[in-house]
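# Structural characterization, general
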Amino acid sequence: MSDILTETPLVRLTDCEKRYGNIIALTGVSLEVHAGEVTCVLGDNGAGKSTLIKIIAGMHQNDAGTYEVEGERVRFASPREALDRGIATVYQDLAVVSLMPVWRNFFLGSEVRKGAGPLSRLDIGFMRRTTKTELANMGIDLRDVDQPIGTLSGGERQCVAIARAVYFGAKVLILDEPTAALGVKQAGVVLRYIVRAKERGLGVVFITHNPHHAYPVGDRFLILNRGRPLGDYTRDEITRERLTALMAGGEELEQLSHELQGAAATDTELGKVAQELEHEVAELSARPMPPERPAP
Ligand SMILES: Nc1ncnc2c1ncn2[C@@H]1O[C@H](COP(=O)(O)OP(=O)(O)OP(=O)(O)O)[C@@H](O)[C@H]1O
Ligand SMILES: [Mg+2]
């Protein structure tokens, strides 16, 4: 693992803010991505996760704060500029051409040709072979790289996209909820490739709702809540239980219970509610491995 204190991060955002008109989608958000590490960004719907990665990916610009790549201040005008610096993004709704073979999708937009000038043609043999070996290097064993990519499962398609980014020299790999639409087994497969990418020295940004997906693979955890950081931890600073409790809204409940206690000085009914909430907070943080919270 990299030396957290001395190494310059691949990506560093400091105190970033992003507004959409009057809406403050992000404020006071800082994040680091290091080579050979996975930085997880967690948060509920509307927390600002996609906004954050759009800044990193060059799709949006931050309105305040700084964005550095390998120690150098940057301001990307387009995703192309971010890609040129080795920052690749895999979106959940992958842009693939379903009926085209896997190898064709692997090289989509970067086709390899042989021969020169008007007589050049696609080097199909090279692209087939390369796709096969690159996927194998990531531990993906496809029977046939000629099969249409549409016949692969959602998890396998995510894996192909990850392998592709690795092959084309990405240093930073951003994954927006790659496990969200997947069952347990498929999610496990994608998590394995996240670890593979990290082992190959990439810095990975992994966006997810699910602390049980984030914790096993993450080195850093940024939790967002309505555009603000709710916590920023390295792996040795937080337990899985605490991460889960934070995601389950433990912190908000705690705050609510404090507020109610203040008001309860003059109202015994409120006092009771505050006590119940406090109890719930205590349970949330003490539970070894909280099951899904029942719907209220
Ligand atoms: N283009 C936009 N114009 C106006 N408001 C926006 C825009 N994009 C996002 N927002 C707002 O910014 C906030 C953060 O949105 P964002 O998409 O970053 O959240 P998210 O954490 O990715 O949520 P989800 O888990 O639902 O994908 C939300 O309140 C959203 O409504
Ligand atoms: Mg989103």
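Above this text sits the structure in question.
How each quantity is defined
- Residues numbered from 1 in each chain as written.
- Chains lettered and ligands numbered in written order.
- Predicted model: local features only at pLDDT ≥ 70, side-chain atom pairs only at ≥ 80, totals over all residues.
- Helix = DSSP H or I, 4+ residues; strand = E, 2+ residues; numbered from the N terminus.
- Contact = placed C-beta atoms within 7 Å.
- Pairing = 2+ DSSP bridges.
- Near = placed C-beta within 6 Å.
- Nonpolar A, V, L, I, M, F, W, Y, C, P; charged D, E, K, R; others polar.
- Core = buried A, V, L, I, M, F, W, Y, C linked by C-beta atoms within 7 Å.
- Buried ≥ 20, exposed ≤ 12 C-beta atoms within 10 Å, placed from the backbone.
- Axes fitted to C-alpha atoms, helices over the stretch in contact; angles between N-to-C directions.
- Parallel < 35°, antiparallel > 145°, perpendicular 65-115°, else oblique.
- Expected span 1.5 Å × (residues − 1).
- Arc of directions from axis to C-beta.

Turning our eyes to something else, we now look at the overall build of the chain. Helix and strand counts for the chain come out as 10 helices and 12 strands. Within the chain, contacts between residues separated by at least 24 positions form 67% of all contacts whose residues are at least 6 apart in sequence.

Further remarks concern the sheet that holds strand E5 (residues 72–73). Taken in spatial order, the four strands line up as E2-E1-E4-E5 in an open sheet, and their pairing is antiparallel. For this open sheet the edge positions go to strand E2 (23–33) and E5, each flanked by a neighbour on one side alone. Relative to strand E4 (residues 64–69), strand E1 (residues 11–20) runs antiparallel, the two being bridged by five bridges. Each residue of the ladder has a partner; that of Glu17, found in E4, is Ala64.

Here the focus is the site of ligand 1. In the vicinity of ligand 1, the residues found are Tyr20, Ile23, Ala25, Gly43, Asn45, Gly46, Ala47, Gly48, Lys49, Ser50 and Thr51. If you list the elements that add at least two residues to the shell around ligand 1, you get E2 and helix H1 (49–56). Grouping the constituent residues of the shell around ligand 1 by class yields four nonpolar, six polar and one charged.

Once that is clear, we can look at the nonpolar core. Judged by nonpolar contacts, the single largest core of 68 residues is most densely connected at Ile162, Val172, Leu173, Ile174 and Val205. A per-element tally of this core places helix H5 (residues 154–167) first, with seven residues.

So, on to the packing of H5 against helix H6 (residues 184–199). Where H5 meets H6, the axes come as close as 8 Å, and the angle between the chain directions of the two elements is 10°. The orientation of H5 with respect to H6, classified from their angle, is roughly parallel. Contacts between H5 and H6 involve Gly154, Gly155, Gln158, Cys159, Ile162 and Val166 from the first element and Gln186, Val189, Val190, Tyr193 and Ala197 from the second. In terms of residue class, the contact of H5 with H6 is built from seven nonpolar, four polar and no charged.

With mixed pairing, the six strands of this open sheet are ordered in space as E6-E9-E10-E3-E11-E12. Since the sheet does not close on itself, it has two edges, and those belong to strand E6 (87–90) and strand E12 (228–234), each with one partner. Recorded for the sheet is a direction-independent mean angle of 15° between the axes of neighbouring strands. Taken strand by strand, H6 contacts strand E3 (38–43), strand E9 (172–176) and strand E10 (203–208), and its axis lies near 155° from that of E10.

Let us now look at the pairing of strand E11 (residues 220–225). With five of six residues buried, E11 is to be regarded as a mostly interior element. Pairing between E3 and E11: five bridges, direction parallel. Looking at the pairing, Gly43 lines up with Leu224 of E11. Where E11 lies against E12, six bridges are found, and the strand directions are antiparallel. Following the sheet pairing, Ile223 is matched in E12 by Gly231. Here E11 hands over to E12 after two residues, with Arg226 in that stretch at a positive phi of 45°.

A few words now on the environment of Leu142. As for its placement among the helices and strands, Leu142 is situated in the loop between helix H4 (124–137) and H5. As for Leu142 and Lys132, which are separated by 10 residues in sequence, their C-alpha atoms are 7.5 Å apart. Not counting residues up to four positions away in its chain, the partners in contact with Leu142 are Val102 and Leu135.

Another point: H6. Between its first and last C-alpha atoms H6 spans 23 Å; for 16 residues at 1.5 Å apiece the expected length is 22 Å, and the two agree. When we look at burial in H6, the residues that qualify are Ala187, Val190, Leu191, Tyr193, Ile194, Ala197 and Lys198. Seen along its axis, H6 keeps its buried residues to an arc of 160°; they face one direction. Away from its buried face, by an angle of more than 90 degrees, H6 presents the exposed residues Lys185 and Glu199. Turning to H6, the residues buried within the fold contact E3, H5, E9, E10 and helix H7 (211–217). Positive phi appears at Gly201, one or two residues downstream of H6, with a value of about 95°.

Relative to E5, E4 runs antiparallel, the two sharing two bridges. Looking at the pairing, Val69 lines up with Glu72 of E5. The hairpin turn running from E4 into E5, its antiparallel successor, is two residues long, and Glu70 in that turn takes a positive phi close to 45°.

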